[in-house]
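Residue-level structural notes
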Amino acid sequence: MAAFDLMISAEEINSKVKEVAKRISEDYKGESIVVIGVLTGAFIFTSDLVRELDVDVETLDFIQVSSYSGDKSTGNFVFKKDISFDISGKNILLVEDIIDTGRTLKKLCEMLSMRNPKSIKICTAFDKPSRRVTDLVPDYNCFTIPDEFIVGYGLDYDGKYRQFKDVKIVRIKDE
Ligand code: 5GP
Ligand code: MG
């Protein structure tokens, strides 16, 4: 059985996304960008964010990488879904749901850098800096959160709860 505690309301998320989108739009003034959302968790954040951007979005697509368990890291990094266009010379805005250890995005940035984009920036909805094992720092972050497991706003527990409008801490109890 799962129990939930509210962490961040839909209203708070909504106004923070607008604020971050404004900063991004100012930073990229006069430039165009390619938005790449990281599936599956970032699907809601990506769609909310792009609709608030006041900047030329050349293309929007999603990418999906294998998730790794425990400390088994970089060796078995696989694209489950890659993008199909050339990103050389482009400004890439990578949109992620949450940064935890930072391994996923660190590796993803390394892989995308090899394709010679003009720039890569990271925008995340949530950040858990206390869990970091890499030097990864997002360029844009909506909420810094404590070391709790959250669901909602695209984030799941075992495939569930992605559709929650609010972000909640999930506590799994034995029957
Ligand atoms: P990392 O930064 O450790 O490489 O991995 C980040 C990924 O771990 C996220 O994209 C997400 O899939 C998962 N993750 C980390 N913390 C949480 C959390 O609190 N809730 C959920 N649902 N997923 C999380
Ligand atoms: Mg993710």
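Model, not experiment: these values are computed from the prediction.

Re the layout of surface pockets
Here the second largest pocket defines a volume of roughly 240 Å³. In this structure, the second largest pocket is lined by 13 residues; those nearest its centre are Ala-10, Ile-13, Asn-14, Asp-48 and Tyr-153. Its residues assigned to classes, the lining of the second largest pocket shows six nonpolar, two polar and five charged.

Observations concerning the sheet that holds strand S1 (residues 2–8)
In space, the three strands of this open sheet follow the order S1-S9-S8, with antiparallel pairing throughout. Each edge of the sheet is formed by a strand with only one pairing partner; in this case those strands are S1 and strand S8 (150–151). Taken together, the two bridges between S8 and strand S9 (residues 167–172) define a ladder with antiparallel strand orientation. Bridge pairing links Val-151 to Lys-168 in S9.

Remarks on the environment of Lys-106
Turning to its location among the elements, Lys-106 is positioned in helix H3 (residues 103–113). Residue classification places Lys-106 among the partly exposed positions, given a relative accessible area of 28%. Between the C-alpha atom of Lys-106 and that of Leu-136, which follows or precedes it by 30 residues, the distance is 6.2 Å.

Regarding the sheet that holds strand S2 (residues 32–38)
Judged by pairing direction, the sheet is mixed, and its six strands sit side by side in the order S4-S3-S2-S5-S6-S7 without closing on themselves. Looking along the sheet, the strands with just one partner apiece sit at the ends: strand S4 (79–81) and strand S7 (140–144). Within this sheet the neighbouring strands show an average axis-to-axis angle of 30°, counted without direction. Taken together, the five bridges between S2 and strand S5 (residues 91–99) define a ladder with parallel strand orientation. Note on S5: the bridge partner recorded for Val-35 is Leu-93. Docked against the sheet, helix H2 (residues 43–52) engages S2, strand S3 (56–65), S5, strand S6 (119–127) and S7, running at close to 135° with respect to S5. The strands touched by H3 are S2, S3, S4, S5 and S6; relative to S5, the strand with the most contacts, the crossing angle is about 165°.

Considering the packing of aromatic side chains
In total, this model carries seven aromatic pairs according to the counting rule given. Taken together, a centroid distance of 6.3 Å and an interplanar angle of 55° make the contact between Phe-45 and Tyr-153 tilted. In this pair, Phe-45 sits in helix H2 while Tyr-153 sits in the loop between S8 and S9, placing the two residues 108 residues apart along the sequence. Neither residue differs from the other here; Phe-45 and Tyr-153 are each classed as buried. Measuring from centroid to centroid gives 5.4 Å for Tyr-161 and Phe-164, while their planes differ by 35°, and the two rings are tilted. Linked through ring pairs, Phe-45, Phe-126, Phe-143 and Tyr-153 together constitute an aromatic cluster. Note that Lys-16 overlies the ring of Phe-143, its terminal NZ or CZ placed 6.0 Å from the centroid.

Re unusual backbone geometry
Note that the residue after Leu-39, namely Thr-40, is joined by a cis bond; omega there is -5°. Mapping Thr-40 onto the fold places it in the loop between S2 and H2. In the Ramachandran plot, Tyr-153 falls in the positive-phi region, its phi being about 50° despite a non-glycine side chain. Tyr-153 sits in the buried class, given a relative accessible area of 5%. Here Tyr-161, not a glycine, exhibits a phi torsion of approximately 75°, which is positive. In this structure, Tyr-161 sits in the loop between S8 and S9. Under the relative-accessibility criterion, Tyr-161 is labelled buried at 15%.

What counts and how
- Each chain carries its own residue numbering, running from 1 in the written order of its sequence.
- Lettering of chains starts at A and numbering of ligands starts at 1, both following the order in which they are written.
- The predicted origin of the model limits local features to residues at a pLDDT of at least 70 and limits the giving and counting of side-chain atom pairs to 80 or more, whereas totals for whole chains, interfaces and linings rest on all residues.
- No hydrogens and no water enter the side-chain calculation; it runs on all heavy atoms of the structure.
- The way it works is a 1 Å grid over only the protein atoms, where trapped points that fit a 1.4 Å probe form a cavity and open points with protein on both sides within 12 Å along at least five of seven lines form a pocket, and then any residue with an atom within 4 Å of a point lines it.
- Grid points are joined across faces, edges and corners, and a volume is the space filled by probe spheres set on the points.
- Asp, Glu, Lys and Arg are counted as charged, while Ala, Val, Leu, Ile, Met, Phe, Trp, Tyr, Cys and Pro are counted as nonpolar; the rest, among them Gly, fall into the polar class.
- Strand pairing is assigned whenever DSSP detects at least two bridges linking the two strands.
- Secondary structure follows DSSP: runs of H or I at least 4 residues long count as helices, runs of E at least 2 residues long count as strands, and numbering of each begins at the N terminus.
- Exposure classes here rest on a 1.4 Å probe applied to the protein chains alone. A residue is buried below 20% of its type maximum, exposed above 50%, and partly exposed in between.
- Helix axes use the C-alpha atoms of the stretch in contact, all axes being lines fitted to C-alpha atoms, and the angles between their N-to-C directions lie in the range 0 to 180 degrees.
- In this description, contact between two residues means that some pair of their heavy atoms is separated by no more than 4.5 Å.
- Centre distance within 6.5 Å is the pairing criterion for rings of Phe, Tyr and Trp, where only the six-membered ring of Trp is used; planes under 30 degrees apart are then read as stacked, over 60 as edge-to-face, and the remainder as tilted.
- Charge-over-ring placement is defined geometrically: NZ (Lys) or CZ (Arg) within 6 Å of the ring centre, and within 35 degrees of the ring normal.

On their own, these measurements won't tell you what the molecule is for.
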